Amino acid sequence: MKLLLIEPNIEGYALMPTLSLAVLKSFINNRTEHRAKIIDLVFHKHDWKTYLEKELEKEKPDLIGFSVLSFNYYQALEIASHIKKNHDIKIIFGGVHAILMPEQVIKNKEVDIICTGEGETALKELLDSNLNVKKVRGIWYKNKGKIVRNKDNKLIEKLDSLPFPDWNDFDLKKYFLINNSHLPIMASRGCPYNCTYCSNHALKKKLKGRYVRFRTVDNVIEEIALRIKQYYRKGFRYLFFYDDTFILDKNYVLEFCRKYMGRGFHKILKWNVNVRANLVTEEIIKAMKEAGCYEVRMGVEAGNDFIRNKVYKRNMTKKEISDAIRIIKKYNLQLRLQFIIGAPYETLEMMQESFDMAKKSQADYILFPKLMPLPATEIRQMCIDAEYIPNTD
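Structure report, in brief. Please read these numbers as outputs of a predicted model, since none were measured by experiment. Every chain begins its residue count from 1, and numbering advances along the sequence as written. Given that this is a predicted model, residues contribute local features only at a pLDDT of at least 70 and side-chain atom pairs are listed and counted only at 80 or more, while totals for whole chains, interfaces and linings are drawn from all residues. The basis for every side-chain value is the complete set of heavy atoms in the structure, and neither hydrogens nor water enter the calculation.

1. Things to note about the sheet that holds strand E8 (residues 182-185)
Consideration 1: The sheet built from 6 strands is open, its strands ordered E8-E11-E12-E13-E14-E15 with parallel pairing. Looking at the sheet topology across the chains shown, the edges are occupied by E8 and strand E15 (365-367). Taken pair by pair, the neighbouring strands of this sheet meet at an average axis angle of 20 degrees, ignoring direction.
Consideration 2: Following DSSP output, two strands are said to pair if at least two bridges run between them. We count a stretch as a helix when DSSP gives it H or I for four or more residues in a row; a strand needs E for two or more, and each element gets its number in order from the N terminus. In this sheet, strand E13 (residues 293-301) lies alongside strand E12 (residues 270-275) in parallel orientation, the contact comprising 5 bridges. When the sheet's bridge partners are listed, asparagine 274 is paired in E13 with arginine 297. Axis lines are fitted to C-alpha atoms, over the contacting stretch for helices. Their N-to-C directions set the angle, which ranges from 0 to 180 degrees.

This is the structure in structure tokens:
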């Protein structure tokens, strides 16, 4: 059978090709007898209907999949509606938003099936059964207008069993132009922390199985070697690690740095990662710097202790933050900091503490995004309880 995976970004700005779709495509093409292709609409915002119609006519898919976040959910619905008006093709929605808001997503007439967990094995079973949905784990579907909830699927235990992402359907030359020659990579899935504004704590409650999982270092190194071979001559120069907290396991980081340098990759390929202040040590930062890490991204979220630790549940002290900044600056790594503005109960004086901490940090790049009360998160319920937002979808 033929699966078409659609990147539905027809409005927002995108710096990186979509990792989740690249993994799904590779899994279907390398671990099943079926075929998958990705339609990336990022560079077709103004002609997406024409472009999509050409691809649909050429590919003639049996199933169309969308991996949706809350930010692109309505764009995906718009595209799915267009498809349904012109074609008789089953449509499946997956991704974080579908997992956390299954009732909201499945009720849309454009959506036939939703995936309520990781998509690799669910899609395989669905295609293997010739779209017979009755016994496929990890999906919900509609039967004569009624919603049927199948049994949940377990999370994939061994990430090394997954093939490397397939980037061939993305226009990497254009992405390299807008993201300064970066390619995304992920060494782990999941996060052990429970920050109230992040979807991770909500996903942990929904998904079954071990939530935080790491690929082996050797598996990651093997993928990097392949990417150098594939894309270095095409302009690839930097790795963008998507892991929520790359430095979660100190021994893992040190092993990665040692093996990365052992292959000589540090001489030709720089990289950046997310870190967490209370996990930053001089040993880790020194090793990463020597191995070619050029930048770390760190979420502080609030300068005020009450907002940071009680409202956001970051559980880190000002000393831990200042010590982490000092160590990072000592080894001359670029530092990106993030502070969220607009927490429940946050006053102007509390916001000023964030501005003061940001200024004092002398970070190279500082973001001040507004709080987005994402579906099923604790912060969303907090905002509802405080009557800042209505209790609606």
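There's plenty left to go through after this.
2. So, the nonpolar core
Consideration 1: Of all hydrophobic cores here, the largest spans 84 residues; its most connected members are Phe256, Trp271 and Met288.
Consideration 2: In terms of residue count, helix H1 (residues 19-31) provides more of this core than any other element does, 7 residues in total.
Consideration 3: Residue contacts follow a heavy-atom distance rule, with two residues in contact if any of their heavy atoms lie within 4.5 Å. Residue contacts for methionine 288: discarding those within four places in its chain leaves Phe246, Ile247, Val253, Cys257, Trp271, Val273, Val275, Cys293 and Val296.
Consideration 4: Think of a nonpolar core as a cluster: buried Ala, Val, Leu, Ile, Met, Phe, Trp, Tyr and Cys residues, connected wherever their side-chain atoms sit within 4.5 Å. Only protein chains enter the calculation, and the probe is 1.4 Å; a residue is then buried if its accessible area is under 20% of its type maximum, exposed if over 50%, and partly exposed in between. Ranked by size, the runner-up nonpolar core spans 26 residues in total, among them Leu4, Leu41, Ile64 and Val111.

3. Concerning the sheet that holds strand E3 (residues 63-67)
Consideration 1: Strand order in the open sheet formed by 7 strands is E2-E1-E3-E4-E5-E6-E7, with mixed pairing between adjacent strands. With partners counted over all chains shown, the strands left at the sheet margins are strand E2 (35-40) and strand E7 (146-149), one partner each. Across the sheet, the mean angle from the axis of one strand to that of its neighbour is 25 degrees, orientation sign disregarded.
Consideration 2: Bridge count for E3 against strand E4 (residues 90-94) is 5 bridges, and the pairing is parallel. In the strand pairing of E4, isoleucine 64 is matched with isoleucine 91.
Consideration 3: Relative to E2, H1 is tilted by about 160 degrees, and along the sheet it contacts strand E1 (2-7), E2 and E3.

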